[in-house]
Structure formats: structure tokens, C-alpha cells
Amino acid sequence: KAKLAVFASGTGSNYDAIIEAINKGTLDAEVTLLVCDRPKARVVEKAKRNGTPSFVFDPKQYAKKEMFESKIVEILKEAEIDLVILAGYMRLIGKTLLQPFEGKIINIHPSLLPSFPGLDAIGQAFNAGVKVSGVTVHYVDAGMDTGKIIAQDIVNITDEMTREELQNEIQKVEHKLYPETIQKLISRGESS
Ligand code: GAR
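- As recorded in an unreviewed UniProt entry, the protein chain goes by Phosphoribosylglycinamide formyltransferase and comes from Gracilibacillus xinjiangensis.
- UniProt lists a comment for the protein chain under the heading Pathway (unreviewed entry), and it reads "Purine metabolism; IMP biosynthesis via de novo pathway; N(2)-formyl-N(1)-(5-phospho-D-ribosyl)glycinamide from N(1)-(5-phospho-D-ribosyl)glycinamide (10-formyl THF route): step 1/1."
- The record held by UniProt for the protein chain lists under Sequence similarities (unreviewed entry) the comment "Belongs to the GART family."

## Some details on the pairing of strand 1 (residues 2–8)
Here is step 1 of the chain: When you tally the buried positions in strand 1, you get 6 out of 7 residues, the bulk of the element.
Here is step 2 of the chain: Pairing between strand 1 and strand 2 (residues 29–36): 7 bridges, direction parallel. Bridging from a neighbouring strand, alanine 8 pairs with cysteine 36 of strand 2.
Here is step 3 of the chain: Between the parallel pair strand 1 and strand 2, the chain is carried across by helix 1 (residues 13–24), and the sense of this crossover is right-handed.
Here is step 4 of the chain: As defined by bridge partners, strand 1 adjoins strand 4 (residues 83–86) across 4 bridges and the pair is classed as parallel. Residue pairing for strand 4: leucine 4 is matched across the bridge by leucine 83.

## What to know about the UniProt feature "active site" (unreviewed entry) in the protein chain
Here is step 1 of the chain: The feature "active site" (unreviewed entry), as annotated in UniProt, sits at His109 in this numbering.
Here is step 2 of the chain: With respect to the helices and strands, the residue histidine 109 is situated in strand 5 (residues 105–109).
Here is step 3 of the chain: The exposure class of histidine 109 is buried, given its relative accessible area of 4%.
Here is step 4 of the chain: With near-sequence residues (within four places) excluded, histidine 109 lies in contact with Phe116, Pro117, Gly118, Ala121, Gly134, Val135, Thr136, His138, Asp145 and Glu174.

## Considerations on the site of the ligand
Here is step 1 of the chain: Neighbouring residues of the ligand: Thr11, Gly12, Ser13, Asn14, Gly88, Met90, Ile108, His109, Pro110 and Glu174.
Here is step 2 of the chain: With respect to the ligand, the side chain of glutamate 174 contributes an N or O atom lying 2.4 Å from an oxygen atom.
Here is step 3 of the chain: Mapping the ligand onto the cavity grids shows that it belongs to the largest pocket.
Here is step 4 of the chain: Mapped onto the shell around the ligand, the elements with two or more residues apiece are helix 1 and strand 5.
Here is step 5 of the chain: Considered class by class, the residues forming the shell around the ligand number 3 nonpolar, 6 polar and 1 charged.

## What to know about the packing of aromatic side chains
Here is step 1 of the chain: Considering all chains together, one arrives at 5 aromatic pairs under this definition.
Here is step 2 of the chain: Relative to phenylalanine 68, the ring of phenylalanine 57 has its centre 4.8 Å away and its plane inclined at 35 degrees; by these criteria the two rings are tilted. Highlighted residues: phenylalanine 57 in the loop between strand 3 (54–56) and helix 3 (65–78) and phenylalanine 68 in helix 3, separated in sequence by 11 residues.
Here is step 3 of the chain: Seen in terms of ring centroids, tyrosine 62 and phenylalanine 68 are 5.7 Å apart; in terms of plane orientation they differ by 75 degrees. Their pairing is edge-to-face.
Here is step 4 of the chain: Following the ring pairs from residue to residue traces out a cluster consisting of Phe55, Phe57, Tyr62 and Phe68.

## Let's talk about the nonpolar core
Within soluble globular proteins, side chains that are nonpolar tend to cluster in buried spots.
Here is step 1 of the chain: Core analysis: the biggest nonpolar cluster contains 39 residues, and Leu4, Ile18, Leu27, Ile85, Tyr178 and Ile182 have the highest contact counts within it.
Here is step 2 of the chain: Those residues in contact with leucine 27 that sit more than four places away from it in its chain are Leu4, Ile18, Ala21, Ile22, Pro179, Ile182, Gln183 and Ile186.
Here is step 3 of the chain: Membership of the second largest hydrophobic core comes to 22 residues, among which are Leu33, Leu76, Ile93 and Leu97.

## Digging into the side chain of aspartate 37
Here is step 1 of the chain: Considering the arrangement of structural elements, one finds aspartate 37 in the loop between strand 2 and helix 2 (42–50).
Here is step 2 of the chain: Overall, aspartate 37 belongs to the buried group, its relative accessible area being 3%.
Here is step 3 of the chain: One polar contact links aspartate 37 to serine 9, side chain to side chain, over a distance of 2.8 Å.
Here is step 4 of the chain: A distance of 2.7 Å separates a polar atom in the side chain of aspartate 37 from a polar atom in the side chain of arginine 91.
Here is step 5 of the chain: Beyond its immediate stretch of four places on either side in the chain, aspartate 37 contacts Ala8, Ser9, Phe57, Asp58, Pro59, Tyr89 and Arg91.

## Brief notes about the sheet that holds strand 7 (residues 149–156)
Here is step 1 of the chain: The 7 strands are arranged 3-2-1-4-5-6-7 in an open sheet whose pairing can be described as mixed. Edge positions in the sheet fall to strand 3 and strand 7, since each of these pairs with one other strand and no more. Here the strands of the sheet are splayed against their neighbours by 20 degrees on average, with no regard to which way each runs.
Here is step 2 of the chain: Taken together, the 7 bridges between strand 6 (residues 132–139) and strand 7 define a ladder with antiparallel strand orientation. Counterpart to serine 133 in the pairing with strand 7 is valine 155.
Here is step 3 of the chain: Along the sheet face, helix 2 touches strand 1, strand 2 and strand 3 and points at about 140 degrees away from the line of strand 2.

Cut-offs used in this document
Residues numbered from 1 in each chain as written. Predicted model: local features only at pLDDT ≥ 70, side-chain atom pairs only at ≥ 80, totals over all residues. Heavy atoms only, no water. UniProt positions renumbered as here; feature names shortened; annotations may be inferred. Buried < 20%, exposed > 50% of the residue type's maximum accessible area, 1.4 Å probe, protein only. Helix = DSSP H or I, 4+ residues; strand = E, 2+ residues; numbered from the N terminus. Pairing = 2+ DSSP bridges. Right-handed = clockwise from strand over helix to strand, strands pointing away. Contact = heavy atoms within 4.5 Å. Near = heavy atom within 4 Å. Polar contact = N/O pair within 3.5 Å; in protein donor to acceptor, adjacent residues only side chain to side chain. 1 Å grid on protein atoms, 1.4 Å probe; cavity = no way out; pocket = protein on both sides within 12 Å on 5 of 7 lines; lining within 4 Å. Sits in = over half its atoms within 2 Å of the grid points. Nonpolar A, V, L, I, M, F, W, Y, C, P; charged D, E, K, R; others polar. Phe/Tyr/Trp six-rings, centres within 6.5 Å; stacked < 30°, edge-to-face > 60°. Core = buried A, V, L, I, M, F, W, Y, C linked by side-chain atoms within 4.5 Å. Axes fitted to C-alpha atoms, helices over the stretch in contact; angles between N-to-C directions.

Set out below in C-alpha cells:
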């Protein structure tokens, strides 16, 4: 069974969706580990409730990114993680973590990349007045939301839609697309 490490910084609705897909049997994997860089994030509570082991850290306690990333690498190797799933992990992945796991780290981003990379992609798309946005799953490289695209799905933006409604639609699509895409990667053997 593929061993996933989910990295998150916030609410963890994508973490939930992955757990749900596993419980339903549509995703043949296990969430072996949660990595979270915000001790107060809701996802930390969720992991506790589900019994997902977690590594929760405060980046401010480390002098340099290399230091917490080498700790993370150690933990990922110890847990024999096959795939690293970024799910609202609001931090760029540095060389220390990228090099040993290149091609094994994927991210979900709430826009149709390469449009609207970076922070608040939903607000960016909404303010730009585009009529179609969506969700992208991509491999992580050293850039900001620049890695090779694996899957995308669209959300139509109607004239009546509010920003909140757009966010809800985007999240619905994320919660379906992410588990499906992870399952495809696993069946293609790209997780080992
Ligand atoms: C998701 O919408 C995800 O696409 C986005 O953060 C949210 C996390 O929600 N990620 C990015 O913007 C990355 N650049 P969640 O904590 O409820 O899964």
C-alpha cells in the first residue's frame, strides 16, 4: 500500500478528502504522516482525532529552512514515504527536501496554472474577472507553482457568483480531483 505524507498548514479539508477516499476504498493508500508548520492549525486536531501520526513544527524555532527540512527528510525516510502530498502547505519546498524526493512531491493549487500562481489564487482569479478557473495538481519543483502539470479541472464563474461561492466550488473540485489523481499516480506505479 502506498504510504502518503500529507503536508498542510491550515484547515485540512483536502486532508479530510484524502482520508475519506481511503475509507471509501477509492484510494488505495494510507496517510502515514501529517507534516504541519503551524502548531495551531485545525488540521493538527483532525490528524489527532484520526490517529494519523504527525510532525508539527514552528519554523521560527529553526535558524534556517535547511534545518527543519533535513529533519523532515529524516522522518519521511524513516516512515518509508512513497509520495509527499502538499495540501495547503503554504511554504516553498527548498533544495534539502526537494532533492531526495524529486518527482515524489505533488501539490494542489486553486487555479488553472500557469494562471494565478502564488497566494490567494482564488481572489486573484475572481478579481481578474475570468469566466473559467479551476484546480491544478502538479509536481513540485524549485519554483512557485511551476512544476509539470498532472491534472486539471475547471470551474465556471458566473456573473452572479460571489468570491465565497467561487471558493466553495473550487474546494468541491479539489476534494474530488486530488484523491483521484493520487490514485492514478499510484496505479501507474509512480509512487514507488
Ligand atoms: C486549498 O484550496 C489549496 O488548493 C490551497 O490552499 C487550500 C488549503 O485548504 N493551496 C494553495 O493555495 C497553494 N499555493 P485545506 O487546508 O482546506 O485543504
